[in-house]
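# Structural features, examined
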Amino acid sequence: MSLNSVNLGGVTLDDILIITNLVIIIILMIMLIVTRVKLKKMKKNYDVFLSGKDAKSLEEVMIKKFNLLSLVDESVKDIYTRIEAIDKNLLITYQKMGMVKYDAFKETGGKMSFVLCLLTKQNNGIILNCMHSNVDGCYTYIKRIENGVSKMTMSKEEEKALEQALEITAE
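Here's what I pulled together on the structure shown here.

Each value, and the rule that gives it
- Residues numbered from 1 in each chain as written.
- Predicted model: local features only at pLDDT ≥ 70, side-chain atom pairs only at ≥ 80, totals over all residues.
- Heavy atoms only, no water.
- Helix = DSSP H or I, 4+ residues; strand = E, 2+ residues; numbered from the N terminus.
- Pairing = 2+ DSSP bridges.
- Contact = heavy atoms within 4.5 Å.
- Axes fitted to C-alpha atoms, helices over the stretch in contact; angles between N-to-C directions.
- Polar contact = N/O pair within 3.5 Å; in protein donor to acceptor, adjacent residues only side chain to side chain.

Positive phi, normally seen in glycine, also occurs at asparagine 123, with a value near 65°. With respect to the element layout, asparagine 123 can be found in the loop between strand E4 (113–119) and strand E5 (125–133). Even without glycine at this site, asparagine 147 takes up a positive phi of about 55°. Along the chain, asparagine 147 falls in the loop between strand E6 (137–146) and strand E7 (149–150).

Once that is clear, we can look at the pairing of E5. Here E4 pairs with E5 via six bridges, running antiparallel. The residue bridging leucine 119 from the neighbouring strand is glycine 125, located in E5. In this structure, E5 lies alongside E6, joined through nine bridges in antiparallel fashion. Residue pairing for E6: asparagine 129 is matched across the bridge by tyrosine 141. Where E5 hands over to E6, the hairpin turn is made up of three residues, counted between the paired strands.

Next up on the list: the sheet that holds strand E3 (residues 96–102). A sheet is described by the order of its strands in space; here five strands give the open sequence E3-E4-E5-E6-E7, paired in antiparallel fashion. On the outer flanks of this sheet lie E3 and E7, each paired with one strand and no other. Where E6 lies against E7, two bridges are found, and the strand directions are antiparallel. The partner of glutamate 146 across the bridge, within E7, is valine 149. Relative to the sheet, helix H3 (residues 156–167) contacts E3, E4, E5 and E6, its axis offset from that of E3 by approximately 150°.

Time to look at the side chain of glutamate 158. Its place among the elements puts glutamate 158 in helix H3. At a separation of 3.1 Å, a polar atom in the side chain of glutamate 158 contacts the side chain of asparagine 129. Discounting residues that sit within four places of it in the chain, glutamate 158 has contacts with Val115, Ile127, Asn129, Lys143 and Thr153.

Here you go:
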């Protein structure tokens, strides 16, 4: 018995092969049509992209853009260098302040005396105490602050000004 003579309910194996081949051909035809439609759409988009530009002018535009990117890159590097310098300077500038006004002597009124505390980010700086007197004039004293502490004895006003400055968080 040969394969050609196999009979499946009146349909031969040859008929099944022919029908299978026809289905495959129809599927391939549909895929070909879809592919051609997509190709036509891509060609249209490509033509729009290149419209009015020849290859040389398109190349010139691309070169200009790459040169612009190089300039931007250099500018960003320069900005980072400047920011680093600013960060270094910020470590030594006064960023925190505390101030207390008070009456140094009983005969003066209006709280003409003051204590000013100026600190860096690392809590290093000075306390400036200006004591005003109606009789003798004005006396100014300065004390060094290192890591938030003075090695010299401080008045209650100086301690309060230092406390105010230490409460400030420097970013």
